[in-house]
Amino acid sequence: MGERGQDVAASQKRFLAPFHGEALDVPPIWLMRQAGRYLPEYRATRAEAGDFLTLCYTPKLAAEVTLQPIRRYGFDAAILFSDILVVPDALGQGVRFVEGEGPRLDPIRSAEGLAQLDAGAAVAKFDIVAETVARLKQDLPRETALIGFCGAPWTVATYMVQGQGSADQTEARLWAYRDPEGFQALIDLLVASSIDYLDRQVRAGADCLQIFDSWAGSLPDDEFDRWVVGPTREIRDAIRELHPSIPVIGFPRGAGPTAVWYVSETGVDGIGCDTATPPFIMSEAFDEEDVVVQGNLDPLLLVAGGSRLDERVDEILDLMRGKRFIFNLGHGIVPQTPPENVAQLVARVRAGA
Ligand code: CP3
């Protein structure tokens, strides 16, 4: 294996090279939410599907929107088009996406509510998503890796308990304090369902998995350990058992310095760094860990564009040179992003600064 990682033959797909120990001169790049409303072709397919969840459950259309950003930008990885709330939906909790408002769910706040969910019923919808993966396996260029994903149990639970997105996840945090055993039952169900969901994605062809823990940052250390680290480690262990060669990236958004502990305790193969992670943490804090670092350009700088965008990209590339690194944003692309700024970003990263 070349010291500077010119030799990607071992993995075929450049995206996977860092997981095989290679630090590439030009890091692989993909962007969270790379399929989405900033692309006119996404908006057209979304209109054809009508409803967001219908888009997620129509393999032909879900595969099409997964491919759209690959055709435009040639990212090193595609991410399956689905949503983290597909899991509660498949379990039988009513999930709707209200135009301009985001997700709405019939909140679950007790053992009785939990008893209404049915893990057996989830299989049918998971199979539809697996069909999208199988299509993508056929349609993606050979050099493009396919990332499967799920939401982390904690983050998915915050939506299930609150019934919608929220600034501070109050209802889930209160349930966890007042009735930890009851809340544990919800988390356990999500751990089991997430393992099943990810396993199906890998069996259908996913090359890598990411666990999105968007609200990991709302918990103090003891609660973080129980609800973020523990369940993530269970999922990571189960996937390693089932599919030893499939890397798992964790994205504990807002974890701050605790992200280092998260890595060592969960055993994830990659760590997604959020926008607020200082560059020296990205470049140094994970040195003792056997982990690939991913991140962390501000999605709003991608909206702003211009020379400031190029400068920051160069700074990140300089800092991460010689490291096992994947270029990404610190959170998802926002809808007002000009598509030409994404092209500018990809060109800058590929130029290697
Ligand atoms: O990254 C990709 O391109 C793949 C698909 C993907 C979507 N959501 C599509 C989507 C992925 C990986 C997600 C993850 C997701 N979904 C997260 C974790 C990452 C994060 O952003 O923190 C969360 C918390 C959700 C839940 C969710 N889905 C919310 C809160 C919303 C509404 C807000 C919004 O951006 O509209 C969604 C809807 C959603 N998921 C859209 C897309 C493209 C927009 C739906 C539309 O077309 O109207």
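The residue numbering used here restarts from 1 in each chain and proceeds along that chain's sequence as written. pLDDT decides what is reported in this predicted model: residues at 70 or higher carry local features, side-chain atom pairs at 80 or more are listed and counted, and totals for whole chains, interfaces and linings draw on all residues regardless. Heavy atoms from the whole structure form the basis of all side-chain values; hydrogens and water molecules are not counted.

## Details of the pattern of salt bridges
Our working definition: When a carboxyl oxygen of Asp or Glu lies within 4 Å of a side-chain nitrogen of Lys or Arg, that pair is called a salt bridge.
In this structure the tally under the stated criterion is 22 salt bridges. Each member of the salt-bridge network shares a partner with another, and the members are Arg-14, Asp-76 and Arg-350.

## Side note on the packing of aromatic side chains
Here is the rule we go by: Any Phe, Tyr or Trp ring, taking Trp's six-membered ring, that has another such ring centre within 6.5 Å forms a pair; planes under 30 degrees apart are called stacked, those over 60 apart edge-to-face, and the others tilted. Three exposure classes are used, based on accessible area relative to the maximum for each residue type with a 1.4 Å probe and protein chains only: buried under 20%, partly exposed in between, and exposed over 50%. The way it works is that DSSP assigns letters per residue, a run of H or I at least four long becomes a helix, a run of E at least two long becomes a strand, and they are numbered from the N terminus.
Tallied over the full model, the rule gives 14 aromatic pairs. Ring centres of Phe-15 and Phe-19 lie 5.9 Å apart, and the angle between their planes is 55°; this geometry places the pair in the tilted category. Residue Phe-19 is classed as buried on the basis of its relative accessible area of 16%. With a centroid separation of 4.8 Å and an interplanar angle of 85°, the aromatic rings of Phe-183 and Trp-227 are classed as edge-to-face. On the criterion of sequence distance, the pair formed by Phe-183 in helix H9 (residues 180-204) and Trp-227 in helix H10 (residues 221-242) is long-range, its members being 44 residues apart. You can call Phe-183 buried: its relative accessible area is 0%.

## Digging into the site of the ligand
Counted only if it meets this: By convention in this text, a residue qualifies as near a molecule or strand provided that one of its non-hydrogen atoms is within 4 Å of it. The term polar contact refers here to a pair of N or O atoms within 3.5 Å; inside protein, the definition further demands a hydrogen-donor-capable atom paired with an acceptor-capable atom, and it admits residues adjacent in sequence only when both atoms are side-chain atoms. Using a 1.4 Å probe, accessible areas were evaluated by the Shrake-Rupley method; residue-level cover was limited to the displayed protein chains. Each residue is assigned to one of three groups, with Ala, Val, Leu, Ile, Met, Phe, Trp, Tyr, Cys and Pro labelled nonpolar, Asp, Glu, Lys and Arg labelled charged, and all others, Gly among them, labelled polar.
The immediate surroundings of the ligand are formed by 22 residues, with Arg-37, Tyr-42, Arg-46, Ser-214 and His-331 found nearest. The contact in question runs from an oxygen atom of the ligand to an N or O atom on the backbone of Ala-35, over 3.1 Å. Between Tyr-42 and the ligand, the recorded distance is 2.5 Å, taken from a side-chain N or O atom to an oxygen atom. Starting from 870 Å² of accessible surface for the ligand in isolation, the protein chains cover 88%. Of all the secondary-structure elements, those providing two or more residues to the shell around the ligand are helix H1 (40-49) and strand S3 (102-105). By residue class, the composition of the shell around the ligand is 13 nonpolar, 5 polar and 4 charged.

## Topic: the confidence of the model for the protein
Test applied: pLDDT expresses how confident the predictor is about each individual residue, on a scale running from 0 to 100. Whether two residues are in contact is decided by their heavy atoms, any of which lying within 4.5 Å being enough.
Per-chain confidence: the protein averages 95 in pLDDT, with 97% of residues scoring 70 or above. Overall, residues 1-7 carries pLDDT values under 50, and its contacts beyond four positions in sequence, including any with other chains, amount to 15 contacts.

## Comments concerning the sheet that holds strand S6 (residues 248-252)
Let me state the cut-off plainly: Two strands qualify as a pair provided DSSP detects at least 2 bridges between them. For every element, the axis is a line fit to its C-alpha atoms; helices are fit only across the contacting stretch, and the angle between N-to-C directions ranges from 0 to 180 degrees.
The sheet built from 7 strands is open, its strands ordered S1-S4-S5-S6-S7-S8-S9 with parallel pairing. A single partner strand is all that each edge strand has here, and the edge strands are strand S1 (77-79) and strand S9 (325-329). Here the strands of the sheet are splayed against their neighbours by 25° on average, with no regard to which way each runs. Bridging between strand S5 (residues 208-213) and S6 involves 5 bridges; their strand directions are parallel. Among the inter-strand pairings, Asp-213 is bridged to a residue of S6, identified as Pro-252. Each of strand S4 (145-151) and S5 is contacted by H9, which is oriented at about 170° to S4, the strand it contacts most.

## Observations concerning the nonpolar core
The test is simple: Residues belong to a common nonpolar core when they are buried Ala, Val, Leu, Ile, Met, Phe, Trp, Tyr or Cys residues joined through side-chain atoms within 4.5 Å.
Counting residues in each nonpolar core, the largest one holds 121 residues, and the members touching the most others are Phe-15, Phe-183, Leu-297 and Phe-327. Top element by residues in this core is H9. It accounts for 11 residues.

## Details of the packing of helix H7 (residues 153-162) against helix H8 (residues 170-178)
Two quantities define a packed helix pair, namely the angle between the helix axes and the distance between the axes. Stated precisely, the cut-off is as follows: To sort the angles, those under 35 degrees are grouped as roughly parallel, those over 145 as roughly antiparallel, those from 65 to 115 as roughly perpendicular, and the leftovers as oblique.
The geometry of H7 relative to H8 is characterised by a closest axis approach of 7 Å and an angle of 100° between their N-to-C directions. Taken together, H7 and H8 sit at an angle that is classed as roughly perpendicular. Contacts between H7 and H8 pair Trp-154, Ala-157, Thr-158, Val-161 and Gln-162 from the former with Thr-170, Glu-171, Ala-172, Arg-173 and Trp-175 from the latter.

## Topic: the packing of helix H6 (residues 119-139) against H9
Our working rule: Here is the rule for handedness: rotate from the far helix to the near one, and if that takes an anticlockwise turn smaller than a right angle the crossing is left-handed, while a clockwise turn gives right-handed.
In contact at an axis separation of 8 Å, H6 and H9 are set at 30° when each is read in the N-to-C sense. What the angle tells us is that H6 and H9 run roughly parallel. Here H6 and H9 pass one another in a crossing that is right-handed. Contacts between H6 and H9 involve Ala-119, Val-123, Phe-126, Asp-127, Val-129, Ala-130, Val-133, Ala-134 and Lys-137 from the former and Leu-189, Ser-193, Asp-196, Tyr-197, Arg-200, Gln-201 and Ala-204 from the latter.

## Some thoughts on unusual backbone geometry
Here the amide bond leading from Gly-295 into Asn-296 is cis, since omega sits at -25°, within 30 degrees of zero. With respect to the secondary-structure elements, Asn-296 resides in strand S8 (residues 292-297). Unusually for a residue other than glycine, Arg-33 sits at a positive phi of about 60°. Examined against the element boundaries, Arg-33 turns out to sit in the segment before H1.

## Topic: the side chain of Lys-13
Spelled out, the test is: In this tally, Asp and Glu contribute negative charge and Lys and Arg positive charge; neither His nor the terminal groups of the chain are included.
Relative to the helices and strands, Lys-13 resides in the segment before H1. Lacking a salt bridge, the buried Lys-13 has Asp-207 as its closest oppositely charged neighbour, with an N-O distance of 4.3 Å. Sequence-distant contacts of Lys-13, defined by excluding residues within four places in its chain, comprise Lys-137, Arg-142, Glu-143, Thr-144, Ala-145 and Asp-207.

## Quick word on the pairing of S3
Pairing geometry for strand S2 (residues 95-98) and S3, over 4 bridges, is antiparallel. Paired with Val-95 across the two strands is Leu-105, which belongs to S3. Connecting S2 to the antiparallel partner S3 that follows it, the hairpin turn spans 3 residues, and Gly-100 within it adopts a positive phi of roughly 75°.

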